Amino acid sequence: MFSCWLSQLCRGLSTPTRRTTQLIWSSASRSLVLSSQRRIPELSSFVARTNTCGELRSSHLGQEVTLCGWIQFRRQNIFLVLRDFHGLVQVVIPQDEPAASVKKILCEAPMESVVQVSGTVISRPPGQKNPKMPTGEIEIKVKTAKLLNSCKKLPFEIKDFMKKTEALRLQYRYLDLRSVQMQYNLRLRSQMVMKMREYLCNLHGFVDVETPTLFKRTPGGAKEFVIPSREPGKFYSLPQSPQQFKQLLMVGGLDRYFQVARCYRDEGSRPDRQPEFTQIDIEMSFVDQTGVQSLIEGLLQYSWPSDKGPVVVPFPSMPFAEALASYGTDKPDTRFGMKIVDISDMFRNTEVGFLQDALSKPQGTVKAICIRKGAKYLKRKDIESIRKFAADHFNECSLMGKLRLECADLLEARGVVLRDPALFSFLWVVDFPLFLPKEENPQELESAHHPFTAPHPSDIHLLYTEPHKVRSQHYDLVLNGNEIGGGSIRIHNSELQHYVLATVLKEDVKLLSHLLQALDYGAPPHGGIALGLDRLMCLVTGAPSIRDVIAFPKSFRGHDLMSNAPDSIPPEELKPYHIQVSWPTDAETEKSSSNHPCRSES
Ligand code: ASP
């Protein structure tokens with residue numbers, strides 16, 4: 001398994017072909033020629049080995065090789081299995097007297113020590129070939145060995161099947177990264193990002209531009225992290241996304257921008273969120289919604305790993321209202337049916353009290369989910385748990401959507417396959433409202449996406465009379481019930497943007513004066529999107545958590561368990577920033593930890 005996966009990765013995701021892509025961009029008398037070559041990567045260039053452990057086969061018989069790797073396993077002081085990222089290889093420990101020093105090194109080094117061995121590739125004796133191992137036909141007859149570094153007693157064994165808590169894995173992340181699964185996840189991520197760059201920059205002329213991560217507080221959206229500055233009372237903020245910068249790049253004529261962008265949101269702890277995460281961030285001038293959608297479909301098709309099945313385009317599209325009505329969520333999992341059906345009309349004349357009661361309320365409805373053969377699969381205690389679930393979530397409007405997923409979980413626990421894990425079901429959700437009532441104060445409106453999203457052209461007049469009815473040019477990309485991307489066509493008219501910010505959203509426009517000003521200087525029509533790379537990779541690899549596709553993630557409480565960040569700073573080091581800590585009282589500490597959804601890291 002190990003070598004199959006990794007050697008496929010090392011060879012590249014697609015059939016290696018030599019190809020030269022040239023992009024010629026000319027402006028006035030200058031021209032810039034970019035080229036990139038795709039070929040089999042050289043895995044042993046510049047380093048102290050001739051080959052990787054995983055690449056050796058019968059075709060290498062007789063070759064003198066030097067390998068570097070970690071000691072995975074030793075058998076009776078005769079065989080040693082050496083591992084690198086590419087796979088495993090069997091090394092024969094010499095038993096003859098002149099090679100006693102080599103034997104001593106290889107037999108005494110603890111497991112997971114790093115060694116360098118040189119020797120000859122030989123055929124394994126008849127009957128000793130291991131067909132389960134890609135290198136199982138050969139072994140290395142060692143001549144020299146060097147202990148590069150010894151390994152102390154490990155906090156856990158480097159074997160994927162060994163169960164370990166996530167807290168321990170995060171504390172010793174550098175060891176956890178040695179696992180097959182983490183190697184696979186990170187290497188696949190790197191290869192997909194490379195293919196995305198290739199598609200965007202080389203095939204479609206996008207420009208990769210880095211934007212600042214020290215920025216200022218901006219209105220709307222998620223809570224931002226604050227960074228003290230040396231100027232009294234002044235703070236930077238870490239951007240939630242490069243949204244404003246990418247729009248300003250369009251004003252600057254950069255036309256087709258992309259970035260593998262780091263984003264920061266101080267949203268507290270949620271099991272599947274990270275305070276810092278990565279987006280494939282894209283913006284284009286002179287584009288409409290269809291243009292952005294086609295670009296993303298092509299991008300995913302091009303970068304999709306070949307062993308995950310083909311990506312069929314175009315992706316289906318569903319209006320927001322239909323998603324809510326039929327799936328009870330704006331990110332429907334369309335791998336299975338069990339849609340929500342409004343059956344109010346069937347019960348208009350009912351005498352059943354609680355139904356009558358429901359239908360007599362303004363906007364009261366009776367809705368149903370049909371579970372085919374439910375009676376066969378669901379037990380009495382399942383029905384009881386559905387009833388309890390419904391009671392617990394009664395006043396949430398997304399109740400039916402949650403109930404649909406809960407029923408799917410129950411059916412799958414009883415052996416019914418509803419959500420094929422090998423199936424990737426993409427969906428565009430479109431026609432969102434531009435504004436939604438604020439949760440904490442439904443009389444006020446907030447942006448459904450962000451305040452820079454343009455209204456649907458046929459609804460612009462409603463902005464000034466009934467803003468809650470305006471549809472937007474916002475689109476979300478959903479994969480198997482997870483939002484993996486979102487974007488919009490933007491407002492490029494300064495007056496309209498000012499109206500939305502000041503009059504509809506009641507935001508402080510001064511904070512965005514730079515953007516409003518820029519829109520006045522010939523801003524082109526533009527739009528874009530951002531794909532959540534961590535969530536996308538989590539779905540592609542089938543990882544249980546987004547932390548499994550990030551090299552050094554934070555725990556669900558936002559801590560780095562390896563280095564112990566965030567950490568305290570002595571008061572004298574805070575002085576240059578003109579800030580001091582106001583320590584919470586015991587009662588406040590107690591209250592905040594009891595409000596915490598996940599109190600323990602382990
Ligand atoms: N900046 C947006 C976000 O992070 C994406 C976009 O509108 O392009 O959700």
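The rules behind the values
- Residues numbered from 1 in each chain as written.
- Predicted model: local features only at pLDDT ≥ 70, side-chain atom pairs only at ≥ 80, totals over all residues.
- Heavy atoms only, no water.
- Helix = DSSP H or I, 4+ residues; strand = E, 2+ residues; numbered from the N terminus.
- Buried < 20%, exposed > 50% of the residue type's maximum accessible area, 1.4 Å probe, protein only.
- Polar contact = N/O pair within 3.5 Å; in protein donor to acceptor, adjacent residues only side chain to side chain.
- Contact = heavy atoms within 4.5 Å.
- Pairing = 2+ DSSP bridges.
- Axes fitted to C-alpha atoms, helices over the stretch in contact; angles between N-to-C directions.
- Patch = residues over 30% accessible without salt bridge, like charges linked within 9 Å, V, L, I, M, F, W, Y side chains within 5 Å.
- Areas by Shrake-Rupley, 256 points an atom, 1.4 Å probe, with all protein chains shown as cover.
- Salt bridge = Lys/Arg side-chain N within 4 Å of Asp/Glu carboxyl O.
- Near = heavy atom within 4 Å.
- Core = buried A, V, L, I, M, F, W, Y, C linked by side-chain atoms within 4.5 Å.
- Phe/Tyr/Trp six-rings, centres within 6.5 Å; stacked < 30°, edge-to-face > 60°.
- Expected span 1.5 Å × (residues − 1).

## Here's the deal with the side chain of Thr66
Thought 1: Within the secondary structure, Thr66 sits in strand E3 (residues 64–75).
Thought 2: Judged by relative accessible area, which is 17%, Thr66 ranks as buried.
Thought 3: Within polar-contact distance, the side chain of Thr66 engages the side chain of Ser118 at 2.9 Å.
Thought 4: Setting aside chain neighbours within four positions, we find Thr66 in contact with Ala48, Arg49, Thr50, Asn51, Gln116, Val117 and Ser118.

## Side note on the sheet that holds E3
Thought 1: Around the barrel, which closes on itself, the five strands sit in the order E3-E4-E5-E7-E6 with mixed pairing between neighbours. Here the average twist between neighbouring strands, direction ignored, is 55°.
Thought 2: Here helix H2 (residues 100–108) sits on the sheet in contact with E3, strand E4 (79–84), strand E5 (87–92), strand E6 (114–123) and strand E7 (138–149), set at roughly 75° to E7.

## Looking at the sheet that holds strand E20 (residues 482–489)
Thought 1: Read across the sheet, eight strands follow the order E8-E11-E12-E21-E20-E19-E16-E13 without closing on themselves; strand pairing throughout is mixed. Each edge of the open sheet carries a strand with a single partner, namely strand E8 (207–208) and strand E13 (317–319).
Thought 2: With five bridges connecting them, E20 and strand E21 (residues 526–532) associate as antiparallel partners. The partner of Gly487 across the bridge, within E21, is Ile529.
Thought 3: Relative to E21, helix H7 (residues 289–303) is tilted by about 35°, and along the sheet it contacts strand E12 (276–285), strand E16 (426–430), strand E19 (474–479), E20 and E21.

## Re a nonpolar patch on the surface
Thought 1: There is a patch of nonpolar side chains on the surface, built from Tyr174, Phe552 and Met562 and spanning about 310 Å² of accessible area.
Thought 2: Note that Met562 resides in the loop between helix H15 (533–541) and helix H16 (571–574).

## Focus on the site of the ligand
Thought 1: Around the ligand, the surrounding shell holds 13 residues, and the nearest of these are Gln243, Lys246, His449, His450 and Arg490.
Thought 2: Ser241 places a side-chain nitrogen or oxygen 3.0 Å from a nitrogen atom of the ligand.
Thought 3: The separation between an oxygen atom of the ligand and a polar side-chain atom of Arg490 is 2.7 Å.
Thought 4: Protein burial of the ligand: of its 270 Å² of free accessible surface, 89% is covered by the chains.
Thought 5: No other element matches E21, which puts three residues into the shell around the ligand.

## Considering unusual backbone geometry
Thought 1: Along the chain, Val313 connects to Pro314 via a cis peptide bond; the corresponding omega equals -5°.
Thought 2: Among the secondary structure elements, Pro314 is positioned in the loop between H7 and E13.
Thought 3: Between Ala565 and the following residue, Pro566, the backbone shows a cis peptide bond with an omega angle of 0°.
Thought 4: Residue position: Pro566 is located in the loop between H15 and H16.
Thought 5: The backbone phi angle of Glu112 is positive, close to 70°, even though this residue is not glycine.

## Some details on the nonpolar core
Thought 1: Counting residues in each nonpolar core, the largest one holds 54 residues, and the members touching the most others are Ile282 and Phe426.
Thought 2: At eight residues, the largest contribution of residues to this core is made by helix H5 (residues 180–203).
Thought 3: Each residue touching Ile282, except ones within four places of it in the same chain, is listed here: Leu200, Phe206, Lys246, Tyr257, Phe258, Leu295, Ile296, Leu299, Arg490, Gly528 and Ile529.

## Quick notes on the packing of aromatic side chains
Ring pairs (aromatic) are described by centroid distance and by the angle formed between their planes.
Thought 1: Under the criterion given, the structure shown has 11 aromatic pairs.
Thought 2: Here Tyr172 and Tyr174 contribute two aromatic rings whose centre-to-centre distance is 6.2 Å and whose plane-to-plane angle is 80°, an arrangement assigned as edge-to-face.
Thought 3: The exposure class assigned to Tyr172 is partly exposed, which follows from its relative accessible area of 23%.
Thought 4: Judged by its relative accessible area of 45%, Tyr174 falls in the partly exposed class.
Thought 5: When the ring of Trp428 is compared with that of Tyr475, the centres are 6.3 Å apart and the planes differ by 90°; the resulting orientation is edge-to-face.

## Some remarks on H5
Thought 1: A rise of 1.5 Å per residue sets the reference length of H5, with its 24 residues, at 34 Å; its end C-alpha atoms lie 33 Å apart and thus fit the reference within 8%.
Thought 2: Judged by how many residues are buried, H5 sits mostly within the fold: 17 of 24 residues are covered.
Thought 3: Looking one or two residues past H5, Gly205 carries a phi angle of roughly 65°, positive in sign.

## Description of the environment of Asp208
Thought 1: Positionally, Asp208 belongs in strand E8.
Thought 2: Overall, the relative accessible area of 38% leaves Asp208 in the partly exposed class.
Thought 3: Between the C-alpha atoms of Asp208 and His492, which are 284 residues apart in sequence, the distance is 22 Å.
Thought 4: The contact partners of Asp208, leaving out residues within four places of it in the chain, are Arg197, Cys201, Phe258 and Gln259.

## Looking at the pairing of E12
Along any regular strand the residues' side chains alternate between the sheet's two faces.
Thought 1: Taken across its 10 residues, E12 has nine buried, putting it largely inside the fold.
Thought 2: Here strand E11 (residues 256–264) runs beside E12; their pairing, made up of nine bridges, is antiparallel. Among the inter-strand pairings, Val260 is bridged to a residue of E12, identified as Ile280.

## Section: the pattern of salt bridges
Thought 1: A complete count under the given rule lists 31 salt bridges for this structure.
Thought 2: For Arg547, the salt bridge goes to Glu166, with nearest N and O atoms at 2.8 Å. Here Arg547, found in the loop between H15 and H16, pairs with Glu166, found in helix H3 (residues 166–171); they are 381 residues apart in sequence, far enough to count as distant.
Thought 3: Overall, Glu166 belongs to the partly exposed group, its relative accessible area being 25%.
Thought 4: Among the ionic pairs, Arg490 bridges to Glu283, the shortest N-O distance being 2.7 Å. One end of the pair, Arg490, is in the loop between E20 and helix H13 (494–504); the other, Glu283, is in strand E12, with 207 residues separating them in the sequence.
Thought 5: Among the residues examined, Arg490 registers a relative accessible area of 2% and is labelled buried.
Thought 6: Connected via shared salt-bridge partners are Arg169, Arg173, Asp176 and Asp548.

## As for the pairing of E20
Thought 1: Taking burial as the measure, the eight residues of E20 include six buried ones, the bulk of the element.
Thought 2: Where E19 and E20 come together, six bridges link them in antiparallel fashion. Looking at E20, one finds that Leu479 is bridged to Asn482.
Thought 3: Counted along the chain from E19 to the antiparallel partner E20, the turn is two residues long, and its residue Asn480 has a positive phi close to 45°.

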